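For reference, the chains in residue letters:
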Amino acid sequence: MYLVLHLQPLFMKKKINIIGAGVSGLCAGCYLQMNGFEVQIFEKHSIPGGLCTSWKKGEYTVDGSIHWVLGSDDKDGFFDMWNEIIDVKSIPFHNHDIRLSLEVKKHANKYGSKTFVMYTNLDILRDYMLDLSPEDAKTIHSFIHDIRLLQQFRVPPLMDKLPFFQSMIRGIKMMRYLRFLLIIMRQTRISNMQFAKKFKSPFLREVFETLFDHDEVKMLVFNFPMASFDQKSAGYPIGGSLKWAERIADKFESLGGVIHYNTPVKKIMTENNEVKALLVRNDVIHPCDIVLSAADWYKTVFEYLDGKYVDEKIINLKDEKSFEIYYSILLVTFGLKKDYKEQPHFSRFPIEQDLVSPCGKTWDRLETHFYHYDPTLAPEGKTVMACSFYTQNGKYWIDLRKNDRKKYRAVKQQFIDDLIERLSMKYPDIKDQIEMVDFATPATVLRYTNNWQGSAQGWLPNDNVIASTPVKFKLPDLKNFYYASHWSRPGGGIPVAINMARDVSKIICKEHGVAFKTSQQGKHMG
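The rules behind the values
Residues numbered from 1 in each chain as written. Predicted model: local features only at pLDDT ≥ 70, side-chain atom pairs only at ≥ 80, totals over all residues. Heavy atoms only, no water. Buried < 20%, exposed > 50% of the residue type's maximum accessible area, 1.4 Å probe, protein only. Helix = DSSP H or I, 4+ residues; strand = E, 2+ residues; numbered from the N terminus. Pairing = 2+ DSSP bridges. Arc of directions from axis to C-beta. Contact = heavy atoms within 4.5 Å. Polar contact = N/O pair within 3.5 Å; in protein donor to acceptor, adjacent residues only side chain to side chain. Axes fitted to C-alpha atoms, helices over the stretch in contact; angles between N-to-C directions. Parallel < 35°, antiparallel > 145°, perpendicular 65-115°, else oblique. Left-handed = near helix turned anticlockwise from the far one by under 90°. Nonpolar A, V, L, I, M, F, W, Y, C, P; charged D, E, K, R; others polar.

Q: Where do I start with the pairing of strand β16 (residues 328-336) in this structure?
A: Look at any regular strand and the pattern is simple: side chains alternate between the two faces of the sheet. Across the 9 residues that make up β16, a large majority, 8, are buried. Strand direction decides the pairing type here: β16 and strand β19 (residues 383-391), joined by 9 bridges, are antiparallel. Paired with Gly335 across the strands is Val384, a residue of β19. Alignment of β16 against strand β20 (residues 434-440), held across 6 bridges, turns out to be antiparallel. Looking at β20, one finds that Leu336 is bridged to Ile434.

Below, the structure is given as structure tokens:
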């Protein structure tokens, strides 16, 4: 009897409560279930996905997230990671031949057009640019070469990452990634504005100055996805963002995991600096051995835990002294009675009259995203078109909705009317084709996801786009608590979400005496 009582805990599954059924929470849930833990996920919304989401409005589907998925084919390193959780090869993807149709304001090319076509095939793009400006051959070849260099490496490499290497073979494999690091560092030293100055062609110079609508951004941010587009390994998953999240949720549940929807967390309960349970809606307590928060960083640290487990770095991060919060997005989506298949799927162009937002932001250019390549989002012969606008004053929309709902609705309608007026200059018949309008603001994002200040992702990358943040997997002096989400690395997005989920799962396994494995591999990984 003594042996039974004292050995039983060694064979009981440790219970993990995960906060948030976004991509990080779902992926971590999958990995931890694969490794013998008993996992529950607590989600405030009625559906999985978090920021990776879409929603129905009438007969149309509004997509709020994915434009492409790094790792949609096995030429990209993220394929290995996604494929540990879902069967990527079974998913239908659309690969665009053109990434962007970019219209500039001042200069025309030698054919009299002010529109630049950013082909995803690098050979086609190179030949197109050489035709437009043979005198810029050296700069054009340099541009293509920099992207090609990135294709020589599978990022991230699954072998597994520091600090888990022990074998010499893995160490040798990592040596070649030192070269990759040098390439990355070089491409982070030059911005699109700086690169634009290398062109002799006024048209190409203006194109590169306008790549990010006059913002100055490191070329690596543009080059990295281009490397995957060319290899057709950054495709768009047919069905959109929610469908992608549902695939991961289905996998988690098939592994025995449980998701509690419509169950917002109120507090992470601790005792003697060790997590003990989650307190959720209706003051229900869910005891556990481990808490992993994959929810909003600020909400987790300063509300669920009352700011008790912080240090100077965390306070500086909260005050945005280390990194600024990523932009919030105004997403206006139209359901259109015709499919507009003659239009490029993604365009940016100047407008004659600025579009002014009540939040204080002004735009002199628009972007339109026609989803005519995904037949699941609209009835046959129709389509969805979205316009996105970035702002760093999401607080305006959040406060307005909270304090004056009537005015909030009124300014949204005025913004929509002003937008339609400017869209009509580019697409003369569009006003008559609109039969659905949806306007998601930062207040919408905060309401459904808790993402701090309605941000579209996490932290905004600074001048060092490969810098890590002070967001660690653990908090100071708190036992059996872990954190991982898109807030864990600047830029965020679903590649960061799964990457951080995998890394934190490995740490949990290591610290609790479990050899990390995935069900597909059926072998230990460190």
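Q: What am I meant to see in helix α16 (residues 442-449) here?
A: Turn by turn, an α-helix covers 3.6 residues, leaving residues three or four places apart pointing in a common direction. Listing the buried residues of α16 in full gives Pro442, Ala443, Val445 and Thr449. In an axial view of α16, the angular spread of the buried residues amounts to 160°, which keeps them on one side of the axis. Turning to α16, the residues buried within the fold contact β16, α13 (394-403) and α14 (405-426). Regarding α16, its N-cap is Thr441, as a side-chain oxygen of that residue lies 3.1 Å from the backbone nitrogen of Ala443 further along.

Q: Sorry if this is basic, but what is going on with the sheet that holds strand β12 (residues 275-280) here?
A: Hydrogen bonds between backbone groups are what pair the strands of a sheet, and the pairing can be parallel or antiparallel. What the 3 strands build is an open sheet, ordered β11-β12-β13; its pairing is antiparallel. Because the sheet does not close on itself, it has two edges, and the strands there are β11 (265-270) and β13 (284-287). Averaged over neighbouring strand pairs, the angle between their axes works out to 25° when direction is ignored. Two elements, β11 and β12, share 5 bridges in a ladder whose sense is antiparallel. Its bridge partner being in β12, Met269 is matched across the sheet by Ala277.

Q: It is not clear to me how the packing of helix α2 (residues 23-34) against helix α10 (residues 240-254) should be interpreted in this structure. Could you clarify?
A: Two numbers describe a pair of packed helices, the interaxial angle and the distance between the axes. One way to put it is that α2 packs onto α10 with a least axis distance of 9 Å and a crossing angle of 25°. If you check the angle between α2 and α10, you find them roughly parallel. α2 and α10 meet at a crossing whose hand is left-handed. The segment α2 lies against α10, with Val23, Leu26, Cys27, Gly29, Cys30, Gln33 and Met34 engaging Ala245, Ile248, Ala249, Lys251 and Phe252. Taken together, the residues of the contact of α2 with α10 break down into 9 nonpolar, 2 polar and 1 charged.

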